[in-house]
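# Coordinate analysis (summary)
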Amino acid sequence: ESVMSTEHSTAHDTYSPLTMIPLISAIVIILGYALGWGPITWLLMSEILPLRARGVASGLCVLVSWITAFLLTRFFMNVVDHFGLDVPFYFFTIICLVNLLFTGLCVPETKGKSLEEIEAYFRNNEMVSHAS
């Protein structure tokens, strides 16, 4: 009985608020993704893909997304073991920068536009506006 109470008090005595940093960081990352980049993929698919190809194209987008997630999860630790923890995060940084560049240069503003206007933009590369 004294061994158990000693182990318990030792574990309690070594507790530090710093041990909460990984948990809080994970929560912040998940919330940030859910409120930021996460839904954008689904929004872009619904707005930008042409109606006649939306079903097949959406399926391909989801397939690529899941394959990418699988490959990332499968090989992350291999990359960390061979190159160190900083290399995957440099890679993620490059992907984010390319994503920002792509979004800024290739994704049109669709606020207030109908799906037909958006589809016409990609056909003609010119957004038609019916402003009064």
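You'll find the structure just up there.
Let me begin by describing the structure that accompanies this report. (Residues numbered from 1 in each chain as written. Predicted model: local features only at pLDDT ≥ 70, side-chain atom pairs only at ≥ 80, totals over all residues. Heavy atoms only, no water.)

Moving on to the overall build of the chain. Along the chain, the regular secondary structure elements total 6 helices and 0 strands. Along the chain, from the amino end to the carboxyl end, the secondary structure elements read α-α-α-α-α-α. The buried share of the chain, taken over its 132 residues, is 11%. In the chain, the share of contacts with a sequence separation of at least 24, taken over all contacts with a separation of at least 6, comes to 31%. In the structure as shown, the chain presents an accessible area of about 11000 Å², 72% of it carried by carbon and sulfur atoms. (Helix = DSSP H or I, 4+ residues; strand = E, 2+ residues; numbered from the N terminus. Buried < 20%, exposed > 50% of the residue type's maximum accessible area, 1.4 Å probe, protein only. Contact = heavy atoms within 4.5 Å. Areas by Shrake-Rupley, 256 points an atom, 1.4 Å probe, with all protein chains shown as cover.)

Describing two packed helices takes the angle between their axes plus the distance from one axis to the other. Viewed as axis vectors pointing N to C, helix H3 (residues 37-48) and helix H6 (residues 115-124) meet at an angle of 85 degrees, and their least axial separation amounts to 9 Å. In terms of axis orientation, H3 runs roughly perpendicular to H6. For the pair formed by H3 and H6, the contact residues are Ser46, Glu47 and Ile48 on the first element and Leu115, Ile118 and Phe122 on the second. A per-class count over the contact of H3 with H6 returns 4 nonpolar, 1 polar and 1 charged. (Axes fitted to C-alpha atoms, helices over the stretch in contact; angles between N-to-C directions. Parallel < 35°, antiparallel > 145°, perpendicular 65-115°, else oblique. Nonpolar A, V, L, I, M, F, W, Y, C, P; charged D, E, K, R; others polar.)

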